[in-house]
Amino acid sequence: MTEQIAGDTVNIELIIPAGEDPHLYTAKPEDNKKLQSADLVLYHGLHFEGKMVEALEQLGIAVSKNFPKDKIGQMDMNGEVVTDPHFWFDIDLYRMAVKEACTALSELNPENKAMYEKNRDDYIVQLTELDEYIKKAIATIPDDRRYLITPHDAFNYFSRAYGVTVKAPQGVSTESEVSNQDIQETIDFIVEHKVKAIFAESTTDPARMEKLKEGAAAKGADVKIVSGEGNELFSDSLAPKGQDGDTYIDMYKHNVKLITENLK
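Rules and cut-offs
Residues numbered from 1 in each chain as written. Predicted model: local features only at pLDDT ≥ 70, side-chain atom pairs only at ≥ 80, totals over all residues. Heavy atoms only, no water. Helix = DSSP H or I, 4+ residues; strand = E, 2+ residues; numbered from the N terminus. Rg over C-alpha atoms; globule rule 2.2 N^0.38 Å. Contact = heavy atoms within 4.5 Å. Areas by Shrake-Rupley, 256 points an atom, 1.4 Å probe, with all protein chains shown as cover. Lys, Arg positive; Asp, Glu negative; His and termini not counted. Charge placed at Lys NZ, Arg CZ, Asp CG, Glu CD. Axes fitted to C-alpha atoms, helices over the stretch in contact; angles between N-to-C directions. Parallel < 35°, antiparallel > 145°, perpendicular 65-115°, else oblique. Nonpolar A, V, L, I, M, F, W, Y, C, P; charged D, E, K, R; others polar. Salt bridge = Lys/Arg side-chain N within 4 Å of Asp/Glu carboxyl O. Buried < 20%, exposed > 50% of the residue type's maximum accessible area, 1.4 Å probe, protein only. Expected span 1.5 Å × (residues − 1). Arc of directions from axis to C-beta. pLDDT = per-residue confidence, 0-100. Core = buried A, V, L, I, M, F, W, Y, C linked by side-chain atoms within 4.5 Å.

Trainee: Would you mind going over the overall build of the protein chain in detail, with residue names and values included?
Mentor: The helix and strand tally for the protein chain stands at nine helices and eight strands. In terms of overall size, the protein chain behaves like a compact globule, its C-alpha atoms giving a radius of gyration of 19 Å where 264 residues would be expected to give roughly 18 Å. Dimensions of the protein chain, computed from the C-alpha atoms along their principal axes, are close to 65 × 40 × 35 Å. Considering only contacts in the protein chain between residues 6 or more positions apart, those separated by 24 or more positions represent 67%. Looking at the protein chain as shown, the accessible area adds up to about 13,400 Å², and 46% of this sits on carbon and sulfur atoms. Here the protein chain holds 29 positive side-chain charges and 47 negative ones, and the gap between their average locations is 5 Å.

If you want it as structure tokens, here you go:
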């Protein structure tokens, strides 16, 4: 979103490289130098950047800081209520984050404020078009096939926004444990709902999906794993620059195309 708003008027540096898992990423000494010397630090917030939260709260601005509390997802994880940080799958919340980023960038470079606001408004139009694209695509999946099985619980905002039931053996963070009970419950769900395809993610271990496939097969259900380069869902990271899914809009279209093609 920073690139969309500010373009080449700022030098943008990522702390967590594209393709890495932010839940597990630990800051390196050079990362701390970048943070300390930056004119502006923007981060997701909602405890998404798990091991870096303390440093980011001291130095940066969370683009999610003004989200209405009733719009932020809560989940039960081992009896504890935790915040779901994957807000970007709710385009309404993502638009709010874009506005927050624009405000921060305008305060950093007031001479570019008018240009940033125009870029923000243009981007929001594209996001509205993306929302319509997703609604039309999901409508092509029959109601009784709208089941999305993924390795970890990253798609609940997507579920609420577009009426797709999601299920995952691992919790909201890839740092959480995966119990045999959670795997068994997911297998039972796949068999009961006759789910025909389950999806790997670009930042999680695909072996987990093999366990689900084997467990379903033992109960007489044949399920396909959608995985491999170019066939993984983006959950916690965009693709590296130059690859399909390296922008927010392309990432979302990639995911929706993969989901609709395999569930229709």
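Trainee: Mind laying out the packing of helix α5 (residues 113-138) against helix α9 (residues 248-263), listing which residues take part and the relevant values?
Mentor: Between two packed helices, the angle of one axis relative to the other and the distance separating the axes together describe the packing. Relative to each other, α5 and α9 sit at 5°, their axes nearing to 10 Å. Comparing the axis directions of α5 and α9 gives the class roughly parallel. Here Y123, Q126, L127, L130, Y133, I134, A137 and I138 of α5 come into contact with α9, specifically with Y248, I249, Y252, K253, V256 and T260. Its residues placed into classes, the contact of α5 with α9 shows eleven nonpolar, two polar and one charged.

Trainee: Account for the pattern of salt bridges, naming residues and giving values.
Mentor: Enumeration according to the criterion identifies twelve salt bridges in this entry. R95 serves as the salt-bridge partner of D92, at 2.4 Å between the closest nitrogen and oxygen. With D92 and R95 both in helix α4 (residues 91-108) and three residues apart, the pair spans about one turn of that helix. Exposure remark for D92: the relative accessible area of 45% places this residue in the partly exposed category. On the accessibility criterion, R95 (14% relative accessible area) is buried.

Trainee: For the packing of α4 against α5, give the residues involved together with the corresponding values.
Mentor: Where α4 meets α5, the closest approach of the two axes is 10 Å, and the angle between their N-to-C directions is 170°. With respect to α5, the axis of α4 lies roughly antiparallel. Where α4 approaches α5, its residues I91, Y94, R95, V98, K99, C102, L105 and S106 are matched on the opposing element by K113, Y116, E117, R120, Y123, I124, L127, T128, L130, D131 and I134. Residues that form the contact of α4 with α5 fall into these classes: eleven nonpolar, two polar and six charged.

Trainee: Hey, could you go over helix α8 (residues 207-218) for me, with residue numbers and the actual values?
Mentor: The end-to-end C-alpha distance of α8, which contains twelve residues, comes to 17 Å, matching closely the 16 Å that a straight helix rising 1.5 Å per residue would cover. Among the residues making up α8, those that are buried are R208, M209, L212, G215 and A216. Down the axis, α8 shows its buried residues gathered within 120° of arc, on one side only. Among the exposed residues of α8, those oriented more than 90 degrees off its buried face are E214 and A218. Taken together, the buried residues of α8 touch β5 (147-149), α7 (180-192), β7 (197-199) and β8 (224-226). Immediately beyond the C-terminal end of α8, within one or two residues, lies G220, with a positive phi of roughly 85°.

Trainee: Outline the confidence of the model for the protein chain, listing residues and values.
Mentor: Residues shown with low pLDDT carry predicted positions that ought not to be read at fine detail. Averaged over all residues, the pLDDT of the protein chain is 90; the fraction at 70 or higher stands at 96%. Per-element mean pLDDT across the protein chain ranges from 76 in strand β3 (residues 74-77) up to 98 in α5.

Trainee: Before we move on, can you summarise the nonpolar core with the specific residues and values?
Mentor: Residues F87, I134, L148, F158, Y248 and Y252 are the most contacted members of the largest nonpolar core, which totals 49 residues. Put simply, the parts of the chain that give this core at least two residues each are α1 (2-6), α4, α5, α6 (156-162), β7 and α9. Ignoring sequence-local partners within four residues, the contact set of L148 consists of F155, F158, V164, T165, V166, K167, F199, L233 and I259. Judged by nonpolar contacts, the second largest core, of 13 residues, contains I187, V195, M209 and A216.

Trainee: Give a detailed account of the environment of A218, specifying residues and quantitative values.
Mentor: Tracing the sequence through the fold places A218 in helix α8. Linking A218 and I187, residues 31 residues apart in sequence, is a C-alpha distance of 9.8 Å.

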